[in-house]
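Analysis of the macromolecular model
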Amino acid sequence: RFEFSNFGDGKIENQGTITVSDAGLAAFVSPFISNSGTINAKLGKVAFASGSKVTLDLYGDGLVEIAADDKLSDALIDNTGKINAEGGTVVITANAAKAAVDNVINMDGVVDVSSVSVKGGKIILNGGSAGKVSVKGKLNASGKTGGTVKVNGQKTEFTGSIAAKGDGGFVDVAGHD
């Protein structure tokens, strides 16, 4: 269990290619996170978390839980790049003060956890109780047996695409406004 805080004006920007070993973990924790590059984590986990205090908890069962507490005035996660985690998990969560920014999660890129040989992976986009999640890109959790896509926030906006094709695939989208 790892706790991160006291970020100041910290920012993480990826414009290149990051590859972790199979079943590995790539975690990005900062008030501002921008990915315009490529992140590869086959059967692994990719986590983006934005908040003034973030807990990254790796359970014994291999799941990743991110709790963003103590809302920032202007948390923002922006993905215009590509995240490939075949059969893995991608968790993107941000917690901002109400109406602080237009979108706390901008998903204009591609998140692909699909797999042709195993169950599709899991994608979670969580804008918190006051954040807007905007999906203009592509979310794909399809697989031999379908994966899971969950998107929630105060508001949600979609002009992109979401897929969880396969037996048992599941998509859950919730907005409070």
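Scope of this entry: the structure provided in the associated data block. Not measured: the values here are computed from a predicted model. (Residues numbered from 1 in each chain as written. Predicted model: local features only at pLDDT ≥ 70, side-chain atom pairs only at ≥ 80, totals over all residues. Heavy atoms only, no water.)

Let's talk about the overall build of the chain
Rules: Helix and strand assignments come from DSSP, with helices taken as H or I runs of at least 4 residues and strands as E runs of at least 2, each series counted from the N terminus. For every residue, the accessible area (1.4 Å probe, protein chains only) is compared with the maximum for its type, and the residue is labelled buried under 20%, exposed over 50%, or partly exposed between those bounds. Should any heavy atoms of two residues lie within 4.5 Å, those residues are counted as being in contact. Where accessible areas are quoted, they stem from the Shrake-Rupley method and a 1.4 Å probe; at the residue level, only the protein chains shown are allowed to cover.
A count of helical and extended segments in the chain gives zero helices and 21 strands. Taking all 177 residues of the chain together, 46% fall into the buried category. In the chain, 53% of the contacts between residues at least 6 apart in sequence involve partners at least 24 apart. Just so you have it, the chain exposes about 8,100 Å², and 46% of that area is on carbon and sulfur atoms.

Description of the pattern of salt bridges
To be explicit about the condition: Think of a salt bridge as a Lys or Arg side-chain nitrogen and an Asp or Glu carboxyl oxygen that are within 4 Å of each other.
As enumerated under the stated definition, the model contains two salt bridges in all. We note a salt bridge from glutamate 13 to lysine 11, for which the minimum N-O separation is 3.9 Å. Here lysine 132 ties to glutamate 157 by a salt bridge, and the two come within 3.4 Å at their closest N and O atoms. Of this pair, lysine 132 sits in strand β16 (residues 132-135) while glutamate 157 sits in strand β19 (residues 155-158), and the two are 25 residues apart along the sequence. On the accessibility criterion, lysine 132 (23% relative accessible area) is partly exposed.

Let's talk about the sheet that holds strand β18 (residues 148-153)
Our working definition: Criterion used throughout: strands pair if DSSP finds at least two bridges between them. Axes, fitted as lines to C-alpha atoms, cover a helix only where it is in contact. Angles between the N-to-C directions of the axes lie from 0 to 180 degrees.
Here six strands make up an open sheet; going across it, the order is β4-β7-β12-β15-β18-β21 and the pairing parallel. Each of the sheet's edge strands pairs with one partner strand only, and the pair in question is β4 (25-29) and β21 (170-175). Each strand of the sheet is rotated relative to its neighbour by a mean of 0 degrees, with strand direction disregarded. Sheet topology places strand β12 (residues 89-94) next to strand β15 (residues 122-126); five bridges connect them, and they run parallel. Within β15, the position partnered with valine 90 by the bridge is isoleucine 123.

Let's talk about unusual backbone geometry
Even without being a glycine, alanine 23 presents a positive backbone phi close to 65 degrees. By the secondary structure assignment, alanine 23 is in the loop between β3 (17-19) and β4. By relative accessible area, which is 53% here, alanine 23 ends up exposed.

A word on the sheet that holds strand β20 (residues 161-163)
Pairing is parallel across the open sheet formed by six strands, whose spatial order is β3-β6-β11-β14-β17-β20. Edge positions in the sheet fall to β3 and β20, since each of these pairs with one other strand and no more. Neighbouring strand axes in the sheet, compared pairwise and without regard to direction, differ in orientation by 5 degrees on average. Relative to strand β14 (residues 110-112), strand β11 (residues 82-84) is paired through three bridges, and the arrangement is parallel. Counterpart to isoleucine 83 in the pairing with β14 is valine 111.

This is a description of form; function is not addressed.
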